Amino acid sequence: MCGIAGFAGLGDRTDIERMTAALVHRGPDGEGFLCEPDKGLFLGHRRLAIIDLAHGAQPMLDAEGETAIVYNGEIYNHAELRAELESRGHRFLTSHSDTEVLLQGYRAWGEDLPNRLNGMFAFCIYDRPRRRLFLARDRFGEKPLYYFHRRGLFAFASELSAIVRHRLIEAEIEPLSLQKYFAHGFIPAPHALYRNCHKLPGGWRLTLDLVGGQVNASCYWRFRLRPDPRLERRPQAELAEELRTLLFQAVRRRLISDVPLGLFLSGGIDSSAVLAGAAAAMPADQIKSFSIGFEESSFDEASYARQMAARYGTRHHEQVLSIGQARALVPEVLARMDEPLADGSILPTYMLSRFTRERVTVALSGDGGDELFAGYDPFAALRPAELYDRTVPARLHGLARTLVERLPPSERNMSLDFKLRRALTGLSYSKPFWNIVWLAPLEPCDLADLFAESAPVEALYEEILELWRDGEKSGLTLLERALEFYTRFYLQDDILTKVDRAAMMCSLETRAVFLDNDLVSFAERLPSRFKFYRGRRKLLLKQALTGLLPPEIINRPKKGFGIPAAAWLKQGLPQPDVALPSGMNGGFVARRLRQHRSGEADHRLFLWAWLSLAHKLPLADPKAAAA
């Protein structure tokens, strides 16, 4: 794990030093630069040493000095790629650096290199002979990569906050991105918070012509369900065995490390599956597991994590997050977020990462399991939603929402009244909007109240609508379209973003086991009835884990890694006094906060989204704050 930065064009060494310094938390073990002022090229790197501690420093050049790289990530098949490249005559200077494999791989395969990689990565390769930069990001965007391009300057970095350290780049909020944030709960790639800045989407690559300045970005891979009818004819037990084999193989690949390693353990199916895989590969008493609990019982999963740790005999560690700790963490964590994120579980994720980093440098996670194998509540809601949509006249939708709004708001995790409110909100719109409105801080009609000039619906939800149309052309079912939505959007721009930012604030590397290439390929081909069938979620995954996990873990309802946001916001989490972005209605914010604190309504999703944004805005009266 590392932090990378660089630019081509206007600027000097001071700029690259400022950009790289902003990434010190991503790489506390060292820094390096490659500066060619006469060519207007500057590369910077901050290193978190994981593999080849002695010889993995960056920027790294190949033996001939023709290509250089700055890179963030881990390539799990680097040993196999090295062997293939050596058989083709490539000469290596290091013994087992995956960074050098990328350099030699680029020389062998050019822009096809990302398709050869099984891992997580964001890198920039400087091709001296061709006078170009080649950038790429891993399939799901586990590792972040932002870029800026305007008027003689191209800049990139692992974080947006590093890009705006360049003296010629201003942190000016992009209005459309801000509205997309409240419409989604995250800013979907390729959009970014600031003007002229972009996120390179997961599965994309980019080239910059250093002579002419042209930028060309293209998709090299995307998640696409393509159910294989041949799998329908195979015995289910055989498929479950194949899934278990692929899962355990993915765990083994991610256990390679030259530094101490552990795993996140919530007691849910996915993290417990990772533990089972790790225990099959190494003595269980050498495995360090980590979990976070809550004082509020409806949010707490710590007892299940302890049960799994005891079953396998891991060296287990646990902490409890309280409202008092949350008050202190909110300004610290949200102010350090690269972009706002309306996901309150950033707090326990940060606390878990900080706690884990005290003992290890790398942690395995179960992220991706819910998206690939249908673990979320909305998957179970789709069939009832279709029935409601088909049988309840549109004129009665408003009445149903009014009646549900009269239910007293509960502060418990995923309470019935919360689920009903979210479900009916989504069902007020057509099917393409259901999944995103169920998640979002605001529904489309509220955006017109928050912003003086609300963007057209087609622009706000462009990516979602395009995905829906693609699914329609491919003949995907409603469930399959939901699976694609969660895997291509929510996983990348919310879940993986949250985990990356929280962990890297603590200089901790995380590895998502379920996003292994081979495991994902199996999930793409697996017919959806093996994922969700007659109300049963993760059907095949649960069968694959039978005997490895106790029935009470396999069969317990999903809880999710949430926080008691409704209660905490009532009790007065810090609300900074900030200058609102142009065109944003402060009265709307104040009204929702007042209604929530009085118990009149439950606005937890919007208020958390607002709180996260507020910590990225300038203070309303900086002089008063300084005094």
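Preceding this section is the structure that the text describes.
Now for a quick tour of the structure. (Residues numbered from 1 in each chain as written. Predicted model: local features only at pLDDT ≥ 70, side-chain atom pairs only at ≥ 80, totals over all residues. Heavy atoms only, no water.)

**Here we look at the overall build of the protein**
Of the regular secondary structure elements, the protein holds 27 helices and 19 strands. Relative to a compact globule of 627 residues, whose C-alpha radius of gyration would be 25 Å, the protein shows 24 Å and is just as compact. Judged by the C-alpha coordinates and their principal axes, the protein covers about 70 × 65 × 50 Å. Partitioning the intrachain contacts of the protein with sequence separation of at least 6 by distance along the chain shows that 73% fall at a separation of at least 24. With the model as given, the accessible surface of the protein reaches about 23700 Å², and the carbon-plus-sulfur share is 50%. Counting 81 positive and 78 negative side-chain charges, the protein places the centres of these two groups 3 Å from one another. (Helix = DSSP H or I, 4+ residues; strand = E, 2+ residues; numbered from the N terminus. Rg over C-alpha atoms; globule rule 2.2 N^0.38 Å. Contact = heavy atoms within 4.5 Å. Areas by Shrake-Rupley, 256 points an atom, 1.4 Å probe, with all protein chains shown as cover. Lys, Arg positive; Asp, Glu negative; His and termini not counted. Charge placed at Lys NZ, Arg CZ, Asp CG, Glu CD.)

**A word on the sheet that holds strand S17 (residues 509-512)**
Paired through their backbone hydrogen bonds, the strands of a sheet run either parallel or antiparallel. Strand order in the open sheet formed by five strands is S15-S14-S13-S16-S17, and the pairing between neighbours is parallel. The open sheet has two free edges, formed respectively by strand S15 (315-321) and S17, since each of these has just one partner strand. With direction set aside, neighbouring strand axes in the sheet form an average angle of 30°. Where strand S14 (residues 288-294) lies against S15, seven bridges are found, and the strand directions are parallel. Opposite Ser 289, over in S15, you have His 316 as the bridge partner. (Pairing = 2+ DSSP bridges. Axes fitted to C-alpha atoms, helices over the stretch in contact; angles between N-to-C directions.)

**Considerations on the pairing of S17**
Residues of S17 alternate between two faces, with Glu 509 and Arg 511 on one and Thr 510 and Ala 512 on the opposite face, all of them buried. Alignment of strand S16 (residues 362-365) against S17, held across four bridges, turns out to be parallel. The residue of S17 that forms the bridge with Ser 365 is Ala 512. (Buried < 20%, exposed > 50% of the residue type's maximum accessible area, 1.4 Å probe, protein only.)

**Some thoughts on a nonpolar patch on the surface**
Nonpolar side chains collect at one region of the surface, where Leu 396, Leu 399 and Leu 403 lie side by side and expose about 270 Å² of accessible area between them. What makes Leu 396 partly exposed here is its relative accessible area of 36%. (Patch = residues over 30% accessible without salt bridge, like charges linked within 9 Å, V, L, I, M, F, W, Y side chains within 5 Å. Salt bridge = Lys/Arg side-chain N within 4 Å of Asp/Glu carboxyl O.)

**Some points on the environment of Gly 9**
Following the sequence through the fold, Gly 9 ends up in strand S1 (residues 2-9). Owing to a relative accessible area of 31%, Gly 9 belongs among the partly exposed residues under this scheme. Remark: the alpha-carbon pair of Gly 9 and Lys 39, spanning 30 residues in sequence, is separated by 8.1 Å. What Gly 9 contacts, discounting residues up to four positions off in sequence, is Gly 40, Gly 152 and Leu 153.

**Description of the packing of helix H7 (residues 236-253) against helix H21 (residues 517-525)**
Describing two packed helices takes the angle between their axes plus the distance from one axis to the other. Relative orientation of the contacting elements H7 and H21 amounts to 150°, with a least axis distance of 9 Å. One way to sum up the angle between H7 and H21 is to call them roughly antiparallel. Residue-level inspection shows Leu 239, Glu 242, Leu 243, Leu 246, Leu 247, Gln 249 and Arg 253 of H7 in contact with H21, the latter providing Asp 518, Leu 519, Phe 522 and Arg 525. Taken together, the residues that form the contact of H7 with H21 break down as six nonpolar, one polar and four charged. (Parallel < 35°, antiparallel > 145°, perpendicular 65-115°, else oblique. Nonpolar A, V, L, I, M, F, W, Y, C, P; charged D, E, K, R; others polar.)

**Some remarks on the side chain of Thr 99**
If you trace the backbone, Thr 99 turns up in helix H3 (residues 98-109). Judged by its relative accessible area of 4%, Thr 99 falls in the buried class. Ignoring any residue separated from it by four or fewer positions in sequence, one finds Thr 99 in contact with Gln 58, Met 60, Ile 69 and Tyr 71.

**Quick notes on the pattern of salt bridges**
Applying the stated criterion to the full structure yields 46 salt bridges. Its salt-bridge partner being Arg 224, residue Asp 470 comes within 3.8 Å of it at the nearest N-O pair. Highlighted residues: Asp 470 in helix H19 (residues 462-474) and Arg 224 in the loop between strand S12 (215-219) and helix H6 (229-232), separated in sequence by 246 residues. Taken as a pair, Asp 470 and Arg 224 share a single burial class, namely buried. Measuring nitrogen to oxygen at the nearest pair gives 2.6 Å for the salt bridge that ties Glu 484 to Arg 224. Taken together, the residues span a long stretch of sequence, with Glu 484 in helix H20 (residues 478-505) and Arg 224 in the loop between S12 and H6 at a distance of 260 residues. Judged by its relative accessible area of 14%, Arg 224 falls in the buried class. The network of salt bridges with shared partners includes Arg 26, Lys 143, Glu 159, Asp 500 and Arg 501.

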